Amino acid sequence: MTAVMDAAPEVVLGAPRADSFTAFGRRVEIWVADIGAAPGPDGLRAGELTSRAEAERAVRIGAPSGRVRHTAGRALARWALASRLGCPPAEVPLVIGRNGRPELSVSDGDLWKYEQNPADIDFNLSHAGDQVAVAVAHGLRVGIDIERVTGRPNVTGLAERVFSAAERGLLAAAAPDGYLARWYRIWTTREAYVKAYGTGLSGIADALPDPGADWLAHEVRSAAPGYTATAVACRDHRRTESRTRSRAEGFTETAESSGETGTATQS
């Protein structure tokens, strides 16, 4: 274990910045943090929050940036969930659901002593560049996506393939200097929606139902300058069929969101 911890990346997060919104009478909590920030009194040290299995997994990720983001995402998620469950962050029982979506294990008997109804707690995480974001809610299905707003040669082509006619109309109406920001706003909304339901990017181009009746989107105000983040809350709190059969701490790099547009599966 000592060798694993020595090889694991030492990741420090800046003090988490809070945001929240209310959807269908329930509060969605959002936290965004800087990865690699200078240590401070309110910062988070990932090594004090994550589990042994996550440390082992981080060591096996090839790209250094991937190891850091993996560790940062798990640390922030555990920190946010521990405050809800009343347990140490490293003891938050996480499993991997369908399409690599991290979830709480409701089959873990220890979880029930922390929260009256843990089966109704849902969370989602995302990261891009030096930012990591987590959304947590009780009684709702949530998804979140954060992206670095940067020029890409394929944004127009992606819009043609993925966005609806109404969304393409909104893009066409944007001022030239606002086109990219609007593009990312639409993209992060779509990705947050599919992440809420754990379908992966295979469903990114599916027609979305009109927001309001069953789902709502929120532009995250605590995202750093140069980033766009959107959180989605869905009234339907469906659980994946494989949830209770998920293996504890079963994270893999294929389940790790890179945080870059068009490359994420689930995070």
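Analysis parameters
Residues numbered from 1 in each chain as written. Predicted model: local features only at pLDDT ≥ 70, side-chain atom pairs only at ≥ 80, totals over all residues. Heavy atoms only, no water. Pairing = 2+ DSSP bridges. Helix = DSSP H or I, 4+ residues; strand = E, 2+ residues; numbered from the N terminus. Axes fitted to C-alpha atoms, helices over the stretch in contact; angles between N-to-C directions. Contact = heavy atoms within 4.5 Å. Phe/Tyr/Trp six-rings, centres within 6.5 Å; stacked < 30°, edge-to-face > 60°. Buried < 20%, exposed > 50% of the residue type's maximum accessible area, 1.4 Å probe, protein only. Polar contact = N/O pair within 3.5 Å; in protein donor to acceptor, adjacent residues only side chain to side chain. Salt bridge = Lys/Arg side-chain N within 4 Å of Asp/Glu carboxyl O. Parallel < 35°, antiparallel > 145°, perpendicular 65-115°, else oblique. Left-handed = near helix turned anticlockwise from the far one by under 90°. Nonpolar A, V, L, I, M, F, W, Y, C, P; charged D, E, K, R; others polar.

### Thoughts on the pairing of strand S2 (residues 17–23)
Inspection of the sheet shows S2 paired to strand S3 (residues 26–34) by seven bridges, in the antiparallel sense. Residue pairing across strands places Ala18 opposite Trp31, the latter belonging to S3. With antiparallel pairing between neighbouring strands as the criterion, S2 and S3 make up a hairpin whose turn holds two residues, including Phe24 at a positive phi of roughly 55°.

### Observations regarding the sheet that holds strand S10 (residues 215–219)
What the three strands build is an open sheet, ordered S9-S11-S10; its pairing is antiparallel. On the outer flanks of this sheet lie strand S9 (141–148) and S10, each paired with one strand and no other. For this sheet, the mean inter-axis angle between neighbouring strands, taken without regard to orientation, is 15°. As defined by bridge partners, S9 adjoins strand S11 (residues 227–234) across eight bridges and the pair is classed as antiparallel. Looking across to S11, one finds that Arg141 is bridged to Cys234. Of the strands in this sheet, S9, S10 and S11 touch helix H6 (residues 179–197), which is tilted by about 145° from S9.

### What about the packing of aromatic side chains?
All chains considered together, the criterion is met by six aromatic pairs. Judged by centre distance (4.8 Å) and plane angle (85°), the rings of Trp31 and Trp79 are edge-to-face. Of the two residues, Trp31 sits in strand S3 while Trp79 sits in helix H3 (residues 64–85), which places them 48 residues apart along the sequence. With 5.0 Å between their ring centres and 75° between their planes, Trp183 and Tyr184 make a pair best called edge-to-face. Here the two residues Trp183 and Tyr184 agree in accessibility, since each one is buried.

### Observations regarding the side chain of Arg190
One can find Arg190 in helix H6. One polar contact links Arg190 to Glu167, side chain to side chain, over a distance of 2.9 Å. If we skip the residues at most four places from it in the chain, Arg190 touches Val162, Phe163, Ser164, Glu167, Ile204, Ala205, Asp206 and Leu208.

### Observations concerning the pattern of salt bridges
In this structure the tally under the stated criterion is 11 salt bridges. Between Arg17 and Asp34 there is a salt bridge whose closest N-O contact spans 3.1 Å. With Arg17 in strand S2 and Asp34 in strand S3, this residue pair connects regions lying 17 residues apart in the sequence. Judged by relative accessible area, Arg17 falls into the partly exposed class, the value being 25%. A relative accessible area of 26% means that Asp34 is categorised as partly exposed.

### So, the packing of helix H5 (residues 165–172) against H6
Running from amino to carboxyl end, H5 crosses H6 at an angle of 155°, the nearest separation of the two axes being 9 Å. The angle between H5 and H6 falls in the class roughly antiparallel. Handedness of the crossing formed by H5 with H6: right-handed. Where H5 abuts H6, its residues Glu167, Leu170 and Leu171 lie against Tyr179, Arg182, Trp183, Ile186 and Arg190. Here the residues of the contact of H5 with H6 are counted per class, giving five nonpolar, no polar and three charged.

### Overview of the sheet that holds strand S8 (residues 131–138)
Read from one edge of the open sheet, four strands run S2-S3-S8-S7, paired in antiparallel fashion. Each edge of the open sheet carries a strand with a single partner, namely S2 and strand S7 (121–128). Neighbour to neighbour, the strand axes of the sheet diverge by 15° on average, direction disregarded. Note that S7 and S8 share eight bridges and pair antiparallel. Residue pairing across strands places Phe123 opposite Val136, the latter belonging to S8. Sheet contacts for H3: S3, S7 and S8; angle to S8, the most-contacted strand, approximately 30°.

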